[in-house]
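Geometric and topological summary
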Amino acid sequence: MRIARFQKKVDENRNHLGLVLLDKVGSGGYVLDLHTGAMEASIPVSSTDPILSDMISFLQDLDRSKQVALSVQNWADTKIAKGDIECFIPETEVRWLPPVPTPTKIVGMGGNFLDHLKEANQDRILRGEPEIPLPSTPVAFLKAHTCLIGHNENIPYPRETKELDYEGEIGVVIGREAHNIDAKNAMRYVAGYVIVNDISARDIQRTELKSGAIMLSKNFPGFGPMGRELVFTDEIPDPQALDIVTYVNGQIRQKGNTNDMHFDWKHLISYWSKTRLVPGDIILSGTPSGVAVGRDEWYLRKGDLVEVEVPGLGRLSNRIV
């Protein structure tokens, strides 16, 4: 099951929550407004129930929400089988929004892919700086929800930086409150997964690191592309075996797999549950090697198209403007 937030291009003043139907109808992807689907299918839920239109409310009542969404999905599959797609919205008529609009926490990971840590140390050696040791506990920074944008939205190039970089990542979305949980039970608290591009201003980041804190370099408007949709756990049999590929103007820049994560999902969720995780919170995987650091010609420029692809989760595309 895949849930997205979107606006209809003909009415961009109203946000919707919907099922993403991919290309099941045989003529491109479609979206079904969850509210419309529930009402059309006469599913016993109030038309004003927030789980039909608000992602955070949906996640806060996850068991009931998934039952309603599954009922709508089954109804939609029956309509598709009959060729009746009148109430479905073609994806070409949709503006995608960040799947989770206002998480209380977006926890970004530093140096969590072994190959990325290796390339970061190579750059530090060239600069005459000491190497970063393999961390014994997760190293993190926070991204603010104000930096989030959706699939196909533009990333503004800030005038404050000259070293704009990409970081293809996966975000695990928390679906149940978690506090001080064991790693062996951690995946029970996951609702699903999203693709995220952790856009970074490297020159600003280096300055911030001198004082030991990262904030501005990760949080300019547009520095958190996310989407298209939230893919629920039933679609991903092994989240520790997912490829991450980042393209810039069609050229592969990053190619990694979550099996290279230094701290795996279970460890990260358990560790950060000490902060009390709530529905909608997002923990990022970290990024594989292939970023622009140490390769000045790879830094992003205005007009560049950046895409992050994860089989099973889809492709996230954004342009630098």
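Let us look at the structure shown here.

**A few points about the overall build of the protein**
For the protein, the count of helices and strands is six helices and 19 strands. Taken over C-alpha atoms, the radius of gyration comes to 20 Å for the protein, in line with the 20 Å a tight globule of 321 residues would show. Dimensions along the principal axes, computed over C-alpha positions, put the protein at roughly 65 × 45 × 30 Å. When each of the 321 residues of the protein is scored for burial, the buried share is 55%. For the protein, the share of sequence-separated contacts (at least 6 apart) that also reach a separation of at least 24 residues comes to 73%. Of the accessible surface of the protein, which amounts to about 14,100 Å², a share of 49% is contributed by carbon and sulfur atoms.

**Focus on the pairing of strand 6 (residues 106–109)**
Neither face of strand 6 is left uncovered, since the one carrying I106 and G108 and the one carrying V107 and M109 both have all their residues buried. Pairing of strand 6 with strand 17 (residues 282–284), which is carried by two bridges, proceeds in the parallel orientation. Paired with V107 across the two strands is I283, which belongs to strand 17.

**A short note on the nonpolar core**
By size, the foremost hydrophobic cluster in this structure holds 37 residues, and its most contacted members are I3, L19, L21, L34, F58 and F232. Put simply, the parts of the chain that give this core at least two residues each are strand 2 (11–20), strand 3 (30–33), helix 1 (34–40), helix 2 (55–60), helix 3 (62–81), strand 12 (190–197), strand 14 (224–232) and strand 17. Element by element, the count of residues in this core is highest for helix 3, at seven residues.

**Considering the sheet that holds strand 18 (residues 305–310)**
On the basis of which strands lie adjacent, the open sheet formed by five strands has the order 9-19-18-15-16 and mixed pairing. The open sheet has two edge strands, strand 9 (154–155) and strand 16 (251–257), and neither has a second partner.

**What to know about unusual backbone geometry**
A cis amide bond links G227 to the next residue, R228, at an omega of 0 degrees. Within the fold, R228 resides in strand 14. Here the phi dihedral of N152 falls at roughly 75 degrees; this positive angle occurs in a residue that is not glycine. If you trace the backbone, N152 turns up in the loop between strand 8 (148–149) and strand 9. A positive phi angle, near 50 degrees, is found at N249, a position not held by glycine. The residue N249 is located in the loop between strand 15 (243–248) and strand 16 in this model. We classify N249 as partly exposed; its relative accessible area is 49%.

**Here we look at helix 5 (residues 202–209)**
Turning to helix 5, its buried residues number three or more, namely R202, I204, Q205 and E208. For helix 5, the angular spread of the buried residues around the axis is 155 degrees, confining them to a single face. As for helix 5, its buried residues are in contact with strand 10 (164–165) and strand 13 (200–201).

**Some thoughts on the packing of aromatic side chains**
Under the counting rule described, the total for this entry stands at four aromatic pairs. Ring plane angle 55 degrees and centroid distance 6.0 Å describe the contact between F58 and F232, whose orientation is recorded as tilted. Of this pair, F58 sits in helix 2 while F232 sits in strand 14, placing them 174 residues apart in sequence. When the centroid spacing of 4.9 Å and the interplanar angle of 90 degrees are considered together, the rings of Y271 and W272 count as edge-to-face. With relative accessibility at 24%, the residue Y271 sits in the partly exposed group. The class for W272 is buried, based on a relative accessible area of 15%.

**Concerning the side chain of E169**
As for its placement among the helices and strands, E169 is situated in strand 11 (residues 168–174). Buried within the structure, E169 lacks any salt-bridge partner; K218 is the closest side chain of opposite charge, at an N-O distance of 5.8 Å. Within polar-contact distance, the side chain of E169 engages the backbone nitrogen of G286 at 3.1 Å. Beyond its immediate stretch of four places on either side in the chain, E169 contacts V194, I195, V196, D198, I244, L284, S285, G286, T287 and V308.

**Structural notes on the environment of Y189**
Relative to the helices and strands, Y189 is located in the loop between strand 11 and strand 12. A residue is classified by how much of its surface remains accessible, and Y189, at 22% relative accessible area, is partly exposed. Residue contacts for Y189: discarding those within four places in its chain leaves V173, I174, G175, R176, E177, A178 and I181.

**Some words on helix 6 (residues 265–272)**
Here helix 6 has its buried residues at W265, L268, I269, S270 and W272. In this fold, the buried residues of helix 6 make contact with strand 6, strand 7 (140–143), strand 11, strand 12 and strand 17.

Reading the values: the criteria
Residues numbered from 1 in each chain as written. Predicted model: local features only at pLDDT ≥ 70, side-chain atom pairs only at ≥ 80, totals over all residues. Heavy atoms only, no water. Helix = DSSP H or I, 4+ residues; strand = E, 2+ residues; numbered from the N terminus. Rg over C-alpha atoms; globule rule 2.2 N^0.38 Å. Buried < 20%, exposed > 50% of the residue type's maximum accessible area, 1.4 Å probe, protein only. Contact = heavy atoms within 4.5 Å. Areas by Shrake-Rupley, 256 points an atom, 1.4 Å probe, with all protein chains shown as cover. Pairing = 2+ DSSP bridges. Core = buried A, V, L, I, M, F, W, Y, C linked by side-chain atoms within 4.5 Å. Arc of directions from axis to C-beta. Phe/Tyr/Trp six-rings, centres within 6.5 Å; stacked < 30°, edge-to-face > 60°. Lys, Arg positive; Asp, Glu negative; His and termini not counted. Salt bridge = Lys/Arg side-chain N within 4 Å of Asp/Glu carboxyl O. Polar contact = N/O pair within 3.5 Å; in protein donor to acceptor, adjacent residues only side chain to side chain.

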